[in-house]
There are 4 protein chains.
Amino acid sequence: MTDLAAQSRVLSTLRGQRIETASWAYGNSGTRFKVFAQQGVPRDPYEKIADAATVHRFTGVAPTVALHIPWDKVDDYADLARHAADLGIALGTINANVFQDDDYKLGSVTNADPAVRRKAIGHLLECVDIMDATGSRDLKLWFSDGTNYPGQDDVRTRQDRLAEALRETYDRLGPDQRMLLEYKLFEPAFYMTDVPDWGTAYLHCTQLGERAQVVIDTGHHAPGTNIEFIVAMLLRAGRLGGFDFNSRFYADDDLMVGSADPFQLFRIMHEIVLAGGLEASAGIAYMLDQCHNIEPKIPAVIRSVMNVQEATAKALLVDHAALAAAQQAGDVLEANAALMDAYHTDVRPMLRELREDMGLDPDPIAAYRRSGYFEKICEERAQGQAAGWGA
Amino acid sequence: MTDLAAQSRVLSTLRGQRIETASWAYGNSGTRFKVFAQQGVPRDPYEKIADAATVHRFTGVAPTVALHIPWDKVDDYADLARHAADLGIALGTINANVFQDDDYKLGSVTNADPAVRRKAIGHLLECVDIMDATGSRDLKLWFSDGTNYPGQDDVRTRQDRLAEALRETYDRLGPDQRMLLEYKLFEPAFYMTDVPDWGTAYLHCTQLGERAQVVIDTGHHAPGTNIEFIVAMLLRAGRLGGFDFNSRFYADDDLMVGSADPFQLFRIMHEIVLAGGLEASAGIAYMLDQCHNIEPKIPAVIRSVMNVQEATAKALLVDHAALAAAQQAGDVLEANAALMDAYHTDVRPMLRELREDMGLDPDPIAAYRRSGYFEKICEERAQGQAAGWGA
Amino acid sequence: MTDLAAQSRVLSTLRGQRIETASWAYGNSGTRFKVFAQQGVPRDPYEKIADAATVHRFTGVAPTVALHIPWDKVDDYADLARHAADLGIALGTINANVFQDDDYKLGSVTNADPAVRRKAIGHLLECVDIMDATGSRDLKLWFSDGTNYPGQDDVRTRQDRLAEALRETYDRLGPDQRMLLEYKLFEPAFYMTDVPDWGTAYLHCTQLGERAQVVIDTGHHAPGTNIEFIVAMLLRAGRLGGFDFNSRFYADDDLMVGSADPFQLFRIMHEIVLAGGLEASAGIAYMLDQCHNIEPKIPAVIRSVMNVQEATAKALLVDHAALAAAQQAGDVLEANAALMDAYHTDVRPMLRELREDMGLDPDPIAAYRRSGYFEKICEERAQGQAAGWGA
Amino acid sequence: MTDLAAQSRVLSTLRGQRIETASWAYGNSGTRFKVFAQQGVPRDPYEKIADAATVHRFTGVAPTVALHIPWDKVDDYADLARHAADLGIALGTINANVFQDDDYKLGSVTNADPAVRRKAIGHLLECVDIMDATGSRDLKLWFSDGTNYPGQDDVRTRQDRLAEALRETYDRLGPDQRMLLEYKLFEPAFYMTDVPDWGTAYLHCTQLGERAQVVIDTGHHAPGTNIEFIVAMLLRAGRLGGFDFNSRFYADDDLMVGSADPFQLFRIMHEIVLAGGLEASAGIAYMLDQCHNIEPKIPAVIRSVMNVQEATAKALLVDHAALAAAQQAGDVLEANAALMDAYHTDVRPMLRELREDMGLDPDPIAAYRRSGYFEKICEERAQGQAAGWGA
C-alpha cells in the first residue's frame, strides 16, 4: 500500500470516529471541598444538549450526548430527543444514578435493607423505560456501593445482592439494548467497593449474558495498573463495551483525557486499533466522563475530543507489519521503536486537514472562541440555577 | 523497675494524654458525590462545642476543640470560650480556610492575582486576631492551592508567593503563638499541589523561624510512604508541630484513626514515645481530623480517641532496653519481636482501669449510648440548618 | 454455645490447621543488589527438607514442604519422599520454574519463538511427572512472562499462547491433581505481565476446568488493592486454590507474613473463616512464600507460621452472630467493633495452651534456639555450596 | 525574535547539552530472578569505556562516563583516563558502593556496629582519593541502608550515624569537588530506608554545606509523586546537583529514560529550561542510570540519550511569553495548551539536522548498527568473564 493510500485510510477512519460527550460535563462540578461556579452553565437538560451540540458543531465527531438520570429527567423524552435532533445530535447512553438518595447511604443494590434494594432496582428499570423512549442502546451502571470500615457488611452477601439486581435489570433489556457495567477502585467507598476491578465486572457480565459488557473508566484503577492490558483482555474475551475517558495523576481526578499521560491514551488506542475496535461492528462506546472543575467546560470538552482524535490518529499510523516483524524476531528495541515512531509523529496537521475536508474550522477551539457562543450563554443563562451533579 | 512501677508510669502518661477534637467532625460531611445528612447534627459553633464537650465527658482526654474559620465564625469569641469552659473544655487550634471562596478557584496565597493573594493573607491575619481572642496557641494552615494541568501556573513563582504569605503571617504571630504548616499530596489540586510533602513544609518552616512547625495529617501521603519515618525525622529536627489523625486505605479517606492500619498508628506512637513526644514540653498537638460520612459522629469521635489511647498504651509498653539491646546486637528477629510483643498486648483492660481511676465509665461508647445525649440532640436540633463544611 | 465450647471449637480448628513451608525459603535469597550469605544454609533438597521438618517439629502445623523444580531436582523422588517421611513431614506442592533459563529472556510459554514455548511446556509436563512420583496434589504455576517496553510483543497473541500452554498442561493432570495459577502485578516484567491480576488468572481457570484454581500471593498486588475482597470473590466463585503468604510495604518484598500489616492478614483469615475455607474439604492450600534476606531463616519461618496461627485464632474469635446482626441493622460502628474486638484480643496465651496440648513447647522460637539445631547445621554445612535461587 | 533566531538558539543549546552515561549500563544486569547474559559485554573498565565512547561517537553529546567503585577499580586511574581521552571521552562522576560487602547486611554508614561504619566511611574517603586521581568533580552517594522490619533499628540513631559519615566525607572533598546525595523510596530495604525522599536528602545537604547537592533518580519515588515539582523546589533552593535518568512503570524498573512516560520527562526538562538549568554554570549533572536487562545495551543507551535530547528540544520550544501570559491571565486551557503545543511538536527533524551540523549521522542507531562495532565486540569479548554488578 502506498503512503497516500495509507493516509487516506487513516483519514477515513478518523472521519468515522464517534465520541460521546456527557451532559453532566457541561454543568458545575467540583470536589468535596468546593464546587466553583462558572459562567454560562446550563440550567436544564435542554441547555446541556445545546452545549453538546456546540461541541459537535466544531469537532464533527461528537454526535451523541449521554444522559444521567435523574439529573436529566424530563417529562417528555421524545421532545428532548427532537431538541437534540434539531441541533444536529442524538441522545446516547443512559447513566443510572443510585448514589445520591439518602436511602443509599449504606448502599443501593447491595444494601442490607431489601426495601432500599427494591427502590434501587426500580430506578434501574426506570432507566430502561427511558432508553425505550430515547432509543438509547446502552445502559451504563456505576455503583458507588461499598463499605468504609472492615466488618461493616459482608462481602459475599453483597455480591449475591448485586448479582440479583443485575439479573433483574438485564432481563428487562430489549434485544438491541446492552448493559455496560463499570468498575471503580474506590471513592466514595473507602474500604471495600462492590465492583472495584475488571475481574469483578467481567465475572458478573459472563453470568448475565452476551449483552452485558464491561466499561473501562480510565481513572478508576489502582496506581500502576496497565490499562491497555485490560483493554486487550476484554477485547480478546469479547467483553469490552466501552470507555469512560478522562485522565488522572492520582485518584479519579476526572481531568481532560490525554492531559495527564498522553502516551497511555495512545497505547490504549493502539490496542483498540489492533483489534479492530474502531469499527462500528465492534460496538465499543467511546465516551467522555470528566469534570471541568476550574477550566471552562465547552472548550475543555472540545480539547478532550481532539486529544482522543490525536491519540487515535497516532495509533492508526503504527506500522503493524514492521511491529509484528520486530516482535516475531524478538528485537525489543525495534519493536518499541516501531510504536514510538507513530507516537512521536505530529498528527495535528493531518487532523486540521481532516476538519477542512469535513467543512469544519481546522482549529475547533479558536473557532468556538470566535463564535460568540460563550458570550451568548453567559447572557442567556445569567439568571436561574446552574445545573450541577445534584440536578 | 518493677512491672508494677512500669504499669503505673504507663497509666500516669495515659492519664495526661491530650487529644484535640475538631469542630467540623460533628457537622455533616461527605464526598463530592453526596453528603448524607445525619440526625442531631449541630447547627452552630455552640452546638459543635457541646458535642466536643460530650466526647471529653466520656473519654477524659479530649479537653479542647479546634475551630475552623469561617465555619466557626462568631461575633464574640470570648463568649464562645466561656461556653466551652462552662461545658468543661477549652478552645484549641484555629484552622484557616482559604479554599472555599470563589476567588480561590486558581489558588489563594499562590494565586497569580495579587488581589486574591491579599485577600487570602487578610484571612490568615484575621485568624491570628481570633487566636488572640480565644487564647489559642496554634494556627493551622492547610492550603488547597495547586494546579490541575501541567503548565497551568509556574511552580517556583507560586513558591515565592507562598513564602511571602507565610512570612507576613508568621510575623504577625505573638511570641507564644505558633504556625503549624500542613502538607498534602493531592486533592483538590490534581496535578501539582503547592505544599505536597514534608520536605516542602519543612523547607518553609526553617526559613520562617522556630515557631513554624510541620503538621502531619496521616492521610496525606503517597502510597507506600513510611509515615513514622517522617515523624522521626521531624522530631529529630525539632520541627514536628502536631498531627491531624485519621486513617485511609486509598487517598485522603478521613476514616477513624486506627481503623485502617492500627499497626501503623502504633508505629507512629512508638516513635513519639521514643523521642519523649508525649510530654507537654514537646509541644506536639494531637488532633483528630476526620469525616464521619456514614457513621454517627459523636461515638465515632469517641472511638477514635480510644484508638489513639490504645496505640499509645501499646507504644508505652515497648521494652526499650530489650529493643535497644537487640538492635545493637543486630538481632533482626528479636528486635522486631520486642516491638511486636507490645503491639500484640491487649491494652483494653488497662484502659478500662484507667477510666475507672479517672471516675469515668470504663466503656465510653456504651456510656454515651446510655446517656440519652443522642436522643436529646436529635430532638433539640430537629429544626434549622445542620452545620457542614460550608458553615 | 458456652464460651468454653466456643474456645474448644477454636482450639480444635487451630489444631487442624496446615501451613506448607517452601524449600527455597531455607536457602539463600536476596535482591538484585546482593544476596547476603547466611550460616548453616542447606546445600541440597535433603537438607532443605530437614529444615522444614524442624519447623514442623516446633510448630506442629507445618507438615508439608513445597518443592521448586529444578532447584529441588533429584534423581529419586521416592527416596526424597522417604527422607521427608522419616523426618515427620511430606512433600507438598510442586512449583514450576520457567524463568531462569537463558532461553526465557523474552518469555517462556508466551515467547514468540515456538521452540522456546515447546521447551517451557515440556518443563511443565515434567513437573506433573514429578508430582506423580511425589504424590503431590498441586502444581503451582507462576509465570514471569511479560514485556519491559510498550510494543515489545503483542498482548493478545501472548494470551493465546498462554492459553495453549495451560491447556496442554491441564490435560496432563491426573484426576486428583490440580493446577494453581498465580498472578503478579510486575517484576521481573516491567511494562506488561501476562498474568498480572486475579481477573486474568480467573478467566483462564474458568476456561480450563474445575481443577484449575487461582492462587493469591499476598505481595503481588497494586498499592491499595483490597486483597480480602479478592479472597471473598474467589471463594464465592469456587476458584480459590490457595495462598502464597508473605507481606510487603512496597512491592513484592517477600517479608514474613503478618509483619507489615497484621490487620490485613486477620481480615483475609476472617473471609476464609466466614466461608468455611479452613476445612480440609475446601481444598485451599496455605503456603508460605518468603525471602529471609537478612534474618535467620528457620526462626523466621517459625515466626511466620505463628503469625498465621495468631491471625487465624483472632478470625475464629469473631462473634459472627453479633457481626451479622450489626450488619443487618446498618450499625456501622457496631459491626466494625465486632470485628475489631476479635482483632484486639491477645490470642498468644490460647496458642501457648494449644501447643502444650499438642506436646509442643509453648514458645517455638525459644525452643528452637535451645535445641542446638542451628549450631549443628552451622557446623555440618560449613563446607560446600549453599543452596539459593539458582540451585 | 524571529522563528529562525529562536530555532538557532534551540539548536545551539542542544549542541551544548552533555549527558553522562554509566559504566555499569554496559555490563550485564537483571532482576533477583535472573541476570540474562548478553553477547559482547565488556569484561573490564577499559572495555566499558570503549562502549561509552562508542555512544558518544554516534550521539556527540555523551562525552563522559561515570565510574562505580569497586566495580571499576583499577590500579592506575591516570591510565584509565588516558584510555578514555584516546577514545574521545573523559571520566565523570565517581559512584560509591557500600551495599555489596557481606558486612553491609544490616547497613553501611548507619550500621549499629562502629567497625562496619568505619569501613564504609573508609570506602567513601577512598572514592574521593580516586576523584583526585581521575579529576572527577562529583561523588555520588546512594545508600541502600535501611531496615526490613519495624523495630529492627532506631530511625533517629541511624540518622545521627548517617550525618556523621556524610560530614567526614564532605570535609574530605576538595574545593572543586561536590557530594551528590541520592534518595530512594525502597529496595533493597523494605520497611524503612535511611534516605528515602528528597526532604531527607535536602535536610542533610543543608547541614553539610553548599557543595552538598541532591541528586534525583527519576525511578526512586512513591507512586503519584510529582517529580518535576521536586526538580523545581531543588532548583529554587539551589540544591539540585543532578539526575540519574531512567524510567519506570512500577518501582525502580531502570528502563530507558523516556520510554515509560515521555510526557513526564518533558515536564522535568521544562522546569530545567525555565530555571536556566541547562547552562553549564548551573552545575547540574545529567546522568543515565539504567539497566538494559533484555535489550542490547549500546543501542539502548544511544536511544536513551536521544530520548533526553528530544525531551529537551521540546522543552526549549515552549513559548515562555505565551505561557506566562496565559498563567498570569488565569487561562487554564491556554496555559496548558502552550505547554502541550511544544510537547506535540515532532522534534526529530530538528535533531537530525543538528547531528548533520555536528558531522554525525542523523540516525545514530542505524549508524551504530552499520558500524560493525557490535560484531567486533561479540568476537573480541567471546572469552572471559563479562562484567556485571558484581565486577
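For the structure itself, consult the block above.
Analysis parameters
Residues numbered from 1 in each chain as written. Chains lettered and ligands numbered in written order. Predicted model: local features only at pLDDT ≥ 70, side-chain atom pairs only at ≥ 80, totals over all residues. Heavy atoms only, no water. Helix = DSSP H or I, 4+ residues; strand = E, 2+ residues; numbered from the N terminus. Rg over C-alpha atoms; globule rule 2.2 N^0.38 Å. Buried < 20%, exposed > 50% of the residue type's maximum accessible area, 1.4 Å probe, protein only. Contact = heavy atoms within 4.5 Å. Areas by Shrake-Rupley, 256 points an atom, 1.4 Å probe, with all protein chains shown as cover. Lys, Arg positive; Asp, Glu negative; His and termini not counted. Charge placed at Lys NZ, Arg CZ, Asp CG, Glu CD. Pairing = 2+ DSSP bridges. Right-handed = clockwise from strand over helix to strand, strands pointing away. Buried area = accessible area lost by both parts, 1.4 Å probe. Salt bridge = Lys/Arg side-chain N within 4 Å of Asp/Glu carboxyl O. Polar contact = N/O pair within 3.5 Å; in protein donor to acceptor, adjacent residues only side chain to side chain. Nonpolar A, V, L, I, M, F, W, Y, C, P; charged D, E, K, R; others polar. Axes fitted to C-alpha atoms, helices over the stretch in contact; angles between N-to-C directions. Least-squares fit on C-alpha atoms with pLDDT ≥ 70 in both. Expected span 1.5 Å × (residues − 1). Arc of directions from axis to C-beta.

**Q** Give me the lowdown on the overall build of chain A, citing residues and values where you can.
**A** Secondary structure summary: chain A contains 14 helices and ten strands in total. In terms of overall dimensions, chain A is globule-like: its C-alpha atoms have a radius of gyration of 21 Å, near the 21 Å expected for 391 residues. Each principal axis of the C-alpha distribution contributes one length, and for chain A these read about 65 × 55 × 40 Å. Taking all 391 residues of chain A together, the buried fraction comes to 68%. Taking the intrachain contacts of chain A between residues at least 6 apart in sequence as the baseline, contacts between residues at least 24 apart amount to 77%. Summing over all exposed atoms, chain A offers an accessible surface of approximately 12400 Å²; the carbon and sulfur share of this is 49%. When the 38 positive and 56 negative side-chain charges of chain A are each reduced to one mean point, those points stand 2 Å apart.

**Q** Which residues make up the pairing of strand S8 (residues 212-217) of chain C, and what values go with them?
**A** Residue and element names in this part refer to chain C. By the criterion of burial, S8 is predominantly enclosed, with six of the six residues buried. By the alternation rule, side chains of S8 split into Ala 212, Val 214 and Ile 216 and Gln 213, Val 215 and Asp 217, which are all buried. Bridging between S8 and strand S9 (residues 240-245) involves four bridges; their strand directions are parallel. Its bridge partner lying in S9, Ile 216 is registered against Phe 243. Assessed by its sense of winding, the connection that carries the chain from S8 through helix H7 (residues 227-236) to S9 is right-handed.

**Q** How would you sum up the environment of B:Ile268? Please name residues and give values.
**A** All names here are of chain B. The topology assignment puts Ile 268 in helix H8 (residues 262-274). Since its relative accessible area comes to 1%, Ile 268 is described here as buried. Each C-alpha atom of the pair Ile 268 and Val 231 lies 6.9 Å from the other, and the pair is 37 residues apart in sequence. Ile 268 has contacts with Thr 218, Ile 227, Glu 228, Val 231 and Phe 243, leaving out every residue within four places of it along the chain.

**Q** Kindly report on the interface of chain C and chain D, identifying the contributing residues and their values.
**A** Between chain C and chain D, the residue contacts involve 42 residues of the former and 42 residues of the latter. The junction of chain C with chain D conceals about 4100 Å² of combined surface from both sides, 63% of it contributed by carbon and sulfur atoms. Counting the contacts that link chain C with chain D gives eight salt bridges. Note that C:Arg32 is salt-bridged to D:Glu187, the shortest N-O span being 2.9 Å. Where chain C meets chain D, there are 18 residue pairs in polar contact (both at pLDDT 80 or more). Its residues assigned to classes, the side of chain C that touches chain D shows 23 nonpolar, eight polar and eleven charged.

**Q** Can you explain the sheet that holds strand S3 (residues 90-95) of chain A? Please cite residues and give values.
**A** Residues and elements named next belong to chain A. On the basis of which strands lie adjacent, the open sheet formed by eight strands has the order S1-S2-S3-S4-S6-S8-S9-S10 and parallel pairing. At either margin of the open sheet sits one strand with a lone partner, and together these are strand S1 (21-22) and strand S10 (285-288). For strand S4 (residues 138-141) and strand S6 (residues 178-182), the ladder comprises four bridges, and the chain directions are parallel. Counted as the bridge partner of Leu 139 is Met 179 from S6. Helix H3 (residues 77-86) contacts strand S2 (64-68) and S3 of the sheet and is inclined by roughly 130 degrees relative to S3.

**Q** Mind laying out the sheet that holds strand S9 (residues 240-245) of chain B, listing which residues take part and the relevant values?
**A** Residues and elements named next belong to chain B. With parallel pairing, eight strands are arranged side by side in an open sheet as S1-S2-S3-S4-S6-S8-S9-S10. Of all the strands in the sheet, just strand S1 (21-22) and strand S10 (285-288) have a single pairing partner and so form its edges. Relative to strand S2 (residues 64-68), S1 is paired through two bridges, and the arrangement is parallel. Paired with Thr 21 across the strands is Val 65, a residue of S2. Across the face of the sheet, helix H6 (residues 198-208) comes into contact with strand S6 (178-182) and strand S8 (212-217) while running at roughly 160 degrees to S8.

**Q** Any details on the relation of the copies chain C and chain A? Residues and values, ideally.
**A** For the pair chain C and chain A, the relating rotation is 180 degrees, the translation along its axis is 0.0 Å, and the fit reaches an RMSD of 0.0 Å. Here the transformation between the copies is reduced to the relation of a two-fold axis. For chain C, the minimum C-alpha distance to the rotation axis belongs to C:Gly199 and amounts to 2.0 Å. Interface overlap between copies is the fraction of interface residues in one copy that are interface residues in the other; for chain C against chain A it reaches 98%, indicating a shared surface.

**Q** Account for the interface of chain C and chain A, naming residues and giving values.
**A** The interface is formed by 52 residues belonging to chain C together with 51 residues belonging to chain A. Contact between chain C and chain A buries roughly 4300 Å² in total, counting both sides, with carbon and sulfur atoms accounting for 61%. Counting the surface chain C buries against chain A, the share from its top three residues, C:Arg156, C:Phe229 and C:Arg236, is 16%. Counting every contact that joins chain C to chain A gives two salt bridges. When the shortest N-O distance is used, the salt bridge between C:Arg236 and A:Asp160 registers 2.7 Å. Inspection of the chain C/chain A interface yields 16 residue pairs in polar contact (both at pLDDT 80 or more). When residues of the side of chain C that touches chain A are traced back to their parent elements, those giving at least two are helix H5 (155-172), strand S7 (192-193), helix H6 (198-208), H7, helix H8 (262-274), helix H10 (320-329) and helix H11 (332-344) of chain C. No other element matches H6(C), which puts seven residues into the side of chain C that touches chain A. Partitioning the side of chain C that touches chain A into residue classes produces 27 nonpolar, 14 polar and eleven charged.

**Q** Explain the relation of the copies chain C and chain D to me, using residue names and the numbers behind them.
**A** Note that the two copies of the chain are related through a rotation about an axis and a translation along the same axis. Expressed as a screw transformation, the operator carrying chain C onto chain D has a rotation angle of 180 degrees and an axial translation of 0.0 Å, and the superposed copies differ by an RMSD of 0.0 Å. In this assembly, 100% of the residues forming the interface of chain C have copies in chain D that are likewise at the interface, indicating an isologous arrangement.

**Q** Requested: an account of the pairing of S10(A), with residues and values cited.
**A** Residue and element names in this part refer to chain A. The side-chain alternation of S10 yields two buried faces, one formed by Ala 285 and Met 287 and the other by Tyr 286 and Leu 288. Summarising the sheet, strand S9 (residues 240-245) and S10 pair through four bridges and their orientation is parallel. Bridge pairing in S10 places Gly 242 opposite Ala 285.

**Q** Outline the pattern of salt bridges, supporting the account with residue identities and numerical values.
**A** For the structure on display, the rule yields 128 salt bridges over all chains. The closest approach of N and O atoms between B:Asp346 and B:Arg348, which form a salt bridge, is 3.0 Å. Salt bridges linked by common partners bring A:Arg32, B:Lys184, B:Glu187, B:Asp252 and B:Asp254 together as one network.

**Q** Run through helix H6 (residues 198-208) of chain A, naming residues and quoting values.
**A** Residue and element names in this part refer to chain A. Counted residue by residue, H6 has nine buried out of eleven residues, so it is predominantly covered. Along H6, the residues that are buried comprise Trp 198, Gly 199, Thr 200, Ala 201, Tyr 202, Leu 203, His 204, Cys 205 and Leu 208. After H6 finishes, the residue Gly 209 shows a positive phi value of roughly 145 degrees.

**Q** Give a description of the environment of A:Asp289 that names residues and reports values.
**A** Residues and elements named next belong to chain A. On the secondary structure map, Asp 289 appears in the loop between S10 and helix H9 (297-317). The exposure class of Asp 289 is buried, given its relative accessible area of 13%. Between the alpha carbons of Asp 289 and Phe 263 there is a distance of 19 Å; along the sequence they are 26 residues apart. Ignoring sequence-local partners within four residues, the contact set of Asp 289 consists of Trp 24, Asp 217, Asp 244, Phe 245, Asn 246 and Asp 254. Within the local environment of Asp 289, its side chain forms a polar contact with the side chain of Trp 24, the two groups lying 2.8 Å apart.

**Q** I'd like to hear about the side chain of A:Thr59, residue by residue, with values.
**A** All names here are of chain A. Relative to the helices and strands, Thr 59 resides in helix H2 (residues 45-59). Its relative accessible area of 0% is what places Thr 59 among the buried residues. Not counting residues up to four positions away in its chain, the partners in contact with Thr 59 are Ile 302, Val 305 and Leu 360.

**Q** Tell me about helix H1 (residues 3-16) of chain B, and name the residues and values.
**A** Residue and element names in this part refer to chain B. End to end, H1 covers 20 Å across 14 residues, agreeing with the expected 20 Å (1.5 Å per residue, within 8%). Turning to H1, its buried residues number three or more, namely Val 10, Leu 11 and Leu 14. Axial view of H1: buried residues confined to an arc of 95 degrees, hence all on one face.

**Q** Please set out unusual backbone geometry residue by residue, giving values where relevant.
**A** With an omega dihedral of 20 degrees, the bond running from A:Ile69 to A:Pro70 counts as a cis peptide bond. Note the cis peptide between C:Glu187 and C:Pro188, where omega equals 10 degrees. Residue position: C:Pro188 is located in the loop between strand S6 (178-182) and S7. We note that D:Glu187 has phi near 75 degrees; this positive angle belongs to a residue other than glycine. Along the chain, the position of D:Glu187 falls in the loop between strand S6 (178-182) and strand S7 (192-193). By relative accessible area, D:Glu187 is classed as buried at 16%. Backbone geometry places D:Asp254, a non-glycine residue, at a positive phi of 60 degrees. By secondary structure assignment, the location of D:Asp254 is in the loop between strand S9 (240-245) and helix H8 (262-274).

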